Amino acid sequence: MTEVLTEVLTPMDVAGRPARLRARLREAGLPALLVTRLPNVRYLTGFSGSAAMLLVTADDLLLVTDGRYQTQALEQLRAAGVDARVEIGLTSADQHRILAGALGPRGPLGLEAQGVTWAEQRTLAGVFADVELIPTESHVEELRCIKDAGEVARIRAACAIADAALAEMLPSLGDHPTERDFAVELEHSMRRGGASAMSFDPIVASGPNGAKPHARPSERAIGEGELVVIDFGCIVDGYCSDMTRTVSVGDPGPDGRRLWDLVAASQRAGRDAVRPGVACAAVDRASRHVIEEAGLGDAFVHGTGHGVGLEIHEAPRVARTAPGTLGVGTVVTVEPGVYLPGVGGVRIEDTVVVTEDGAEALTEFPKSLVVAPS
Ligand code: ZN
Ligand code: ZN
């Protein structure tokens, strides 16, 4: 079903990406970059395997992978229309020899500092003994911040599958399932809907468990009148969705309603602040202000949001100290929350895309607190 889905999705401009990276590298005075973070390799080539390195120079694009991926690499690069060479090294020593031979004495060579371990850096220093190695940050990640229409279409499709899964499963909350059983059924529903995988393990946190922002679903049965935080998403053709709704089976009482109304107002404020050119920190401020005004600033223990794409958490961050501004095509979440230890929590999250005149929510599931008990 995923194949059927991706055939009808707007194509992505994968082939145009290496040129945009080269322009950045020229500006940075960097003749070559070794891309080792797999989401970045996928972004630049369309190759989705679990092992590869990509050498980018002014006149060469060389994907080196292992024997398992010979056919897949050629097929995916061809499908993406990417003009790159593919070479196979059966061992990592072979792969390193291929890369060093292709680069020759042309240095310095940039490494992705956020993706290379200390051990790998030491190995690569031996492999590229004749060139200077330079730590670089975010060259590809910053390109990835602006999604093309094909990328937005994939995130939108993943969001629609998640919306439909919640619509299908929410009535079953009235049967008081355990958090774990509800999470499993939600996951099944998304897979039936065409998701290739989950973007992360669903969070289903009821009652006091809701006070832990990243609680794991437990064997706790979801009770009547309890706030239930449901945070989940799935993947379509490599792209993630992310949504949180907080609901209650029946009336959660005045305290629960007040908390929910507050977070909903904070989420609206953050969502309304999203537009081209706005500082990421200003979106965080807009959401946080509402919760601080209510005296619960200390209970909002995380940033307001994050970028979503090939990774569930990617640039840009939407947080108090986040640098940068939002551009048209950036996809971020807006997800304020309030967590009261021993009591419970509320989080409400949308994934939104920045448009010319503001923002559009890709997660469309209605925000309402009360689910009718069965
Ligand atoms: Zn989430
Ligand atoms: Zn999120």
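Bear in mind the structure is a predicted one, so any value in this text is a computation, not a measurement.

With that settled, consider the packing of aromatic side chains. Under the criterion given, the structure shown has one aromatic pair. Ring plane angle 80 degrees and centroid distance 5.3 Å describe the contact between F47 and Y69, whose orientation is recorded as edge-to-face. Of the two residues, F47 is situated in the loop between helix 3 (38–45) and strand 2 (53–57) and Y69 in the loop between strand 3 (61–65) and helix 4 (70–80); the sequence distance between them amounts to 22 residues. Neither F47 nor Y69 differs from the other in exposure class; each is buried. Above the face of the Y43 ring, R17 is positioned so that its terminal group lies 4.1 Å from the ring centre. Its guanidinium or amino end placed over the ring of F300, R288 lies 4.1 Å from that ring's centre, counting from NZ or CZ.

Binding of the zinc ion (ligand 1) to the protein goes through D231 (OD), D231 (OD), D242 (OD) and E349 (OE), at separations of 2.0 to 2.6 Å. Of note is the zinc ion (ligand 1), whose four donor atoms meet at the metal with angles of 54 to 151 degrees in an arrangement that counts as irregular. Mapping the donors of the zinc ion (ligand 1) onto the primary sequence yields the spacing D-x10-D-x106-E. Between the zinc ion (ligand 1) and the zinc ion (ligand 2), both coordinated by D242, there is a metal-metal distance of 3.1 Å. Taken as a pair, D231 in strand 9 (residues 227–232) and E349 in the loop between strand 17 (344–347) and strand 18 (350–355) lie far apart in primary sequence, 118 residues in all. On the basis of relative accessible area, D231 is assigned to the buried category, the value being 3%.

With that out of the way, let us pick up helix 10 (residues 253–273). What sets the pattern is the α-helix's 3.6 residues per turn: residues three or four places apart point alike. With 21 residues, helix 10 extends 30 Å from end C-alpha to end C-alpha; this agrees with the ideal 30 Å at 1.5 Å per step. Taken together, the buried positions of helix 10 are occupied by G253, G256, L259, W260, L262, V263, A264, S266, Q267, G270 and A273.

Moving on to the nonpolar core. By size, the foremost hydrophobic cluster in this structure holds 35 residues, and its most contacted members are L21, V35, F47, L54 and L63. Residue-level mapping places this core at the junction of two domains, with at least three residues from each of domain 1 (17–144) and domain 2 (149–371). Residues contacting L21, with those up to four places away along its chain left out, are L33, L44, V56, H139, V140 and L143. Counting residues in each nonpolar core, the second largest holds 29 residues, with A162, M169, V228 and M243 among its members.

This next bit is on the sheet that holds strand 10 (residues 234–236). Taken in spatial order, the three strands of this open sheet run 7-10-11, and their pairing is antiparallel. Single-partner strands in this sheet number two, and they are strand 7 (197–198) and strand 11 (239–240). Examined bridge by bridge, strand 7 and strand 10 share two bridges and lie antiparallel to one another. By the bridge assignment, M198 is partnered in strand 10 with C234.

Quick look at the domain arrangement of the protein chain now. Split into domains, the protein chain comes out as domain 1 (17–144) and domain 2 (149–371). Counting residues at the interface gives seven residues for domain 1, matched by eight residues for domain 2. Both faces combined, the contact of domain 1 with domain 2 buries some 620 Å², and carbon together with sulfur accounts for 41% of it. Between the two partners, domain 1 and domain 2, sit five salt bridges.

So, how was this worked out
- Every residue gets a number counted from 1 within its own chain, in the order that chain's sequence is written.
- Each chain is given a letter, starting from A, and each ligand a number, starting from 1, according to the order in which they appear as written.
- Given that the model is predicted, a residue must reach a pLDDT of at least 70 before its local features are reported, and side-chain atom pairs must reach 80 or more before they are shown or counted; all residues, however, enter totals for whole chains, interfaces and linings.
- By convention in this description, side-chain values take in all heavy atoms of the structure and omit both hydrogens and water.
- Within 6.5 Å between ring centres, the rings of Phe, Tyr and Trp (the latter by its six-membered ring) count as paired, and their orientation is classed by plane angle as stacked under 30 degrees, edge-to-face over 60, tilted in between.
- What counts as a helix is a DSSP run of H or I of at least four residues, what counts as a strand is a run of E of at least two, and both are numbered from the N terminus.
- Remark: exposure states derive from per-residue accessible area (1.4 Å probe, protein chains only) relative to the maximum for the residue type, with buried under 20%, exposed over 50%, and partly exposed in between.
- Only Lys NZ and Arg CZ are tested; either one counts as a charge over a ring when it is within 6 Å of the ring centre and within 35 degrees of the ring normal.
- Metal donors: N, O and S atoms at distances within 2.8 Å, or within 3.2 Å for Na, K and Ca, with water omitted from the atom set so that some sites may seem incomplete.
- Geometry is assigned from donor-metal-donor angles: four donors are tetrahedral when every angle falls between 85 and 135 degrees, four are square planar and six octahedral when opposite donors sit over 155 degrees apart with all other angles between 65 and 115, and any other arrangement is irregular.
- For a helix, the expected span equals 1.5 Å multiplied by the number of residues minus one.
- What we call a nonpolar core is a set of buried Ala, Val, Leu, Ile, Met, Phe, Trp, Tyr and Cys residues that are connected through their side-chain atoms within 4.5 Å.
- As annotated, the domain borders come from an automatic or database domain assignment.
- Should any heavy atoms of two residues lie within 4.5 Å, those residues are counted as being in contact.
- Paired strands are those between which DSSP finds at least two bridges.
- By convention, the term buried area covers the 1.4 Å-probe accessible surface removed from two parts as they join, with the contributions of both added.
- Only one rule defines a salt bridge in this text: a Lys or Arg side-chain nitrogen within 4 Å of an Asp or Glu carboxyl oxygen.

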